[in-house]
Structure formats: structure tokens, C-alpha cells
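Spelled out, the chains give:
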Amino acid sequence: MSESMASDPAADDDREIRIELIAGEHSGDALGAKLIGALRARLGSRLTLAGVGGEEMAREGFVSEFPLADVAVMGPLSILRHLPRIVRRVYATVDRVIAFDPQCVVIIDSPEFTHPIARRIRRQRPDIPIVDYVSPSVWAWRPGRARKMTPYVDHILGLLPFEPAAHARLGGPPCTYVGHSLIERQAWLEALDPAPLRDRLGLDPAHPVVVMLPGSRSSEVGRLMAPFGETLRGLAARGVRPHVLMPVVPHRKAQVADAVRAWSVRPHLLEGDEDKFRAFKMADAALAASGTVTLELALAGTPMVVAYRVDPVAAPFLRRMIKAPTTVLANLVLGENAFPEFHQEKSTPEALADALAPLLADTPERRAQEAALARIPLLMRIDGPSPSAAAAGIVLDYALGRRRRDGGAPT
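A quick note: this is a predicted structure, and the numbers were derived from the prediction, not measured. (Residues numbered from 1 in each chain as written. Predicted model: local features only at pLDDT ≥ 70, side-chain atom pairs only at ≥ 80, totals over all residues. Heavy atoms only, no water.)

**Looking at the overall build of the protein chain**
Stated precisely, the cut-off is as follows: For helices the rule is a DSSP run of H or I covering at least 4 residues; for strands it is a run of E covering at least 2, with both sets numbered from the N terminus onward. Partly exposed residues are those whose accessible area sits between 20% and 50% of the maximum for their type, while under 20% is buried and over 50% is exposed, using a 1.4 Å probe and protein chains only. By definition in these notes, contact holds between two residues if any of their heavy atoms fall within 4.5 Å. What sets the accessible areas is the Shrake-Rupley method with a 1.4 Å probe; for residues, cover comes only from the shown protein chains.
When helices and strands are counted, the protein chain shows 18 helices and 12 strands. Put simply, the protein chain has 411 residues, and 54% of those count as buried. Sequence separation of 24 or more characterises 70% of the internal contacts of the protein chain that already satisfy a separation of 6 or more. Of the roughly 17900 Å² of accessible surface on the protein chain, 54% is carried by carbon and sulfur atoms.

Here it is in C-alpha cells:
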């Protein structure tokens, strides 16, 4: 659970508080925007911000030193191709942070970009506290990174409840679970009624509903669409003919629409968060790519089967690198493998259909998943009003000197 926040700093003095925020991609931009709102709620006009962010942070009045697109690149080949520009941005950012002289630096996710900056700031200004918002996945692969972070990161704000224990075990920096941004939407999700979507699509209630989520990246969609489509044939051979709902992000809609032309069942393609979560709540079960979506499904109470495929050339390397007992975030939160997962050659249509079919009826497999799903919101709950408020409290503890750089409690 999150640590209790210190008393509101606005009651203490009227000093200007300078905080540097450095995001390196769009997910960090979203977290940064909520953090800005929480910091402003505590400090008002006393808050002065600088750093790097994107459109969502800009909507909060944040002015980025350069466009986020300059560094928001993913994958080793893309990083290598843009490396000279990224390196220039790293050095320029460090110089500007030193000139800004903040009371605290917050690096937000994107360790390939933000951690080199943090290391250089620590060498030049070891007195400036550095907080890392979003832990690298040290619990999954390259666990040695945890200990290597300790010299230049004073505190980690974890999004997942098992991360503080993981860092303690691996010798990483102090880590506090502040909560995943998804839990800020839990009340909205619980109130969301799936009936309007069912009526709009004209779904026959006599047929089960399956939601399919092949991922948001082109490579994920390209590798999973064919086995997902064949899984539907496998279900039909077992006498199960579900309605299929498929939420898609706009930039993948054409790719998905082209792939489903070969399917035996034409899915309903859905866009937008509201329809996506209505589909989750309506669905009897989901077939999903591994990723954050498994937490979204879990918080919606949707039983699931998880699959993933990577480049066959990279697969042996990744098998050696990954140390976690599961790649499914919902399983990691639970501490048990409640939701079956199938990777690479094991993600056959036959295996997926065998795992999915029992979830579409009243079976022991479905009841076991429902019991596991009921535990996840409790495990992800935090004490404070919101994850962003909890994060802001710890950032301000460091900015105001209320928390020592050795990770000690506020004084």
C-alpha cells in the first residue's frame, strides 16, 4: 500500500518549488499530465516546472524543451537509427536541468532516455533528489538493473503492488507502490453499462461474447491475427459460435480490417475507450495479447486467455532473459498463474480454443478465474485519493527536504 503523504506543504511557507519532469514517450506523458495536476493542487502558483513532455502535459500548461517525438522511439533498431539525435537531447537536457536548479527531478518511464540523463545529473549535482516514476521491469528481465539504479535514483514510484518487494529483494532503490492509473477509473468502469453497446450491435443474447485483443503494435497484430482467427474455427468445431468484439486503436484499424477478411466469423471492430470497456464488461471471456490490457480486463472482471508471439529469431534470447514466472501482469499482481498464457509455438489455435471454450460456460475453469478476478481490485487498492496524488506527495517530500536522499521517511 502507498505510504501516507506528508501534510500539505502550502501550510509551511511560500517558497517557489522548481520541479523538473522528464518523460520520454506517450505513456509517460499521460502520467506526467496527471502528476502536474496533483502537484498544482498542492502548490498552486508556487510550482514552477520545466523539462520534456508531450501533448497531454502541454494541456496542463507544461512547456516542453523540445518535441516528445524527438525521443519517443521504440525498439532497438529504431533507437539505433535515431541515436545521434537522442544523444544530443540527453546532453542538452542535462545542461538545462543544471541551469534550472530544481529541488527535485522526476524521470518518467522510458529508461533508455531518462536514465542516462539521471546518471549525468547525479554526477554533476549529487544534491538534487531524483525520483523515478514507473519502475523498469526488473522483476521480469535484467534484474541486475535494480541494483545499478541505486546510485542515481533516490526513490521509485511503482505502478504495481509487487514492485516494492521486488526492488527490496534485488537491492534496488526504495520503492513505494503509488497505484496504477487504471484504478483511477475503477468507479467509472463499475458504473459503465454494456447494454447500449449490445443493443447497438444487435447481439443475440443466446450466443456468448468473446473480446479479442491482438495488440496495438503492427508486429503484434501481424503475428496474432491468424492464430486468433483460427481459434474461432476451433471453437466452432467444439459447437461454440460466439459474437466477436475487437477494440482497435485508430492507427491499426486498417491492418485489422484487412486481416479479418479471412476469418470464419466477422468481428465487430470498436473504437474509443467507452466502447472498449463496455465490450470488456459484456464479454464472457477475452483472448488477448500480453500487456497492460490484461490489467484492464482484470479490473473489468473479464476472464481471459493470453497469447504472445515475438520474432522467432529473438525468441531464444528473450527466453533466457525473462526471469518472471509469467508475462501476464494480472498473474503477477495475484502472485499465481490464474490466467493461462501461451507463447510462441505453444500459442496454437487448438491450444487457445481448448483454454477459451471452458470460459464461455459455467465451468470450474470459469469459476476459478472469477474468484481470482475478484481479488485483483483489492490487491491494487491504495490508501490515498489517487495514484497521481500519492506520487505528488512523495515528490514533494523530496523537493521540500522532508525525505532524505537515502530513502528515509519524512522528517
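**A short note on the sheet that holds strand 2 (residues 47-52)**
Note the threshold: By this definition, two strands are paired if DSSP reports at least two bridges between them. The axes used here are C-alpha line fits, helices contributing only the stretch in contact, and every angle between their N-to-C directions lies in the interval 0 to 180 degrees.
Spatial ordering of the open sheet is given by 2-1-3-4-5-6, a layout of six strands whose pairing is parallel. Unpaired on one side and paired on the other, strand 2 and strand 6 (175-177) mark the two borders of the sheet. Neighbouring strand axes in the sheet, compared pairwise and without regard to direction, differ in orientation by 20° on average.

**With respect to the pattern of salt bridges**
Basically, it comes down to this: Throughout this description, the term salt bridge denotes a Lys or Arg side-chain nitrogen within 4 Å of a carboxyl oxygen of Asp or Glu.
According to the stated counting rule, one finds 19 salt bridges in the structure shown. Here E230 ties to R233 by a salt bridge, and the two come within 3.2 Å at their closest N and O atoms. Of the two residues, E230 and R233 both sit in helix 10 (residues 218-237), three residues apart, roughly one turn of that helix. What makes E230 partly exposed here is its relative accessible area of 38%. Exposure remark for R233: the relative accessible area of 41% places this residue in the partly exposed category. When salt bridges with common partners are traced through the structure, they connect E16, R18, D101, R125 and D127 into a single cluster.

**Here we look at the sheet that holds strand 9 (residues 268-270)**
Judged by pairing direction, the sheet is parallel, and its six strands sit side by side in the order 9-8-7-10-11-12 without closing on themselves. Each edge of the open sheet is held by one strand with a lone partner, namely strand 9 and strand 12 (341-343). Here the strands of the sheet are splayed against their neighbours by 20° on average, with no regard to which way each runs. Sheet topology note: the strand 7 (residues 209-213)/strand 8 (residues 243-247) ladder contains three bridges and is parallel. Each bridged residue has a counterpart across the sheet, and for V211 the counterpart in strand 8 is L245.

**Observations concerning the confidence of the model for the protein chain**
Put simply, the rule is: pLDDT runs from 0 to 100 and stands for how confident the predictor is about each residue.
Scored by pLDDT, the protein chain has a mean of 89; 88% of the residues are at 70 or more. Counting contacts from residues 1-7, a segment whose pLDDT is below 50, to residues more than four positions away or on other chains yields 24 contacts. Across residues 407-411, where pLDDT falls below 50, the model places 12 contacts with residues more than four positions away in sequence or in other chains.

**A short note on the packing of aromatic side chains**
As a reminder, the rule being used: Any two rings among Phe, Tyr and Trp, with Trp reduced to its six-membered ring, count as a pair given centres within 6.5 Å; such a pair is stacked if its planes are under 30 degrees apart, edge-to-face if over 60, and tilted if neither.
In this structure the tally under the stated criterion is four aromatic pairs. Both rings, one in F66 and one in F113, keep their centres 6.4 Å apart while their planes meet at 85°; by these two values the pair is edge-to-face. Within this pair, whereas F66 is found in the loop between helix 2 (55-59) and helix 3 (76-81), its partner F113 is found in helix 5 (residues 111-124), the two being separated by 47 residues in sequence. The exposure class assigned to F66 is buried, which follows from its relative accessible area of 6%. Relative to F280, the ring of F277 has its centre 5.3 Å away and its plane inclined at 75°; by these criteria the two rings are edge-to-face. Of this pair, F277 and F280 both sit in helix 12 (residues 273-282), three residues apart, roughly one helical turn. Three or more aromatic residues link up through ring pairs in this structure, and these residues are W188, F277 and F280.

**Points about the pairing of strand 4 (residues 130-133)**
Basically, it comes down to this: For the handedness criterion, the strands are oriented away from the viewer, and a crossover whose path from the first strand over the helix to the second runs clockwise is classed as right-handed.
Burial of strand 4 is two-sided: the residues I130 and D132 facing one way and the residues V131 and Y133 facing the other way are all buried. Alignment of strand 3 (residues 104-108) against strand 4, held across four bridges, turns out to be parallel. Across the sheet, residue I107 finds its bridge partner in strand 4, namely D132. A crossover links strand 3 with its parallel partner strand 4, the connecting element being helix 5, and its sense is right-handed. Direction of pairing for strand 4 relative to strand 5 (residues 155-158): parallel, over a ladder of three bridges. Residue pairing for strand 5: Y133 is matched across the bridge by L157. In this region the chain leaves strand 4, passes through helix 6 (residues 144-149) and returns to the parallel neighbour strand 5; the handedness of that crossover is right-handed.

**Re helix 10**
The condition that has to hold: Here the expected length of a helix is defined as 1.5 Å per residue gap, with one fewer gap than residues. Fitting axes to the seven residues ending at a residue and to the seven starting there, one defines the bend at that residue as the angle between these axes.
The end-to-end C-alpha distance of helix 10 is 30 Å, a good match for the 28 Å that 20 residues give at a rise of 1.5 Å each. Remark: the principal bend of helix 10, roughly 35°, maps to L224, with a proline, P227, within the next four residues. Among all positions of helix 10, only E220, V221, L224, M225, P227, F228, G229, T231, L232, G234 and L235 are buried. For helix 10, the secondary structure elements touched by its buried residues are strand 7, strand 8, helix 11 (253-259), strand 10 (285-289), strand 11 (304-308) and helix 16 (349-356). Just beyond helix 10, the residue with positive phi is G239, at close to 80°.

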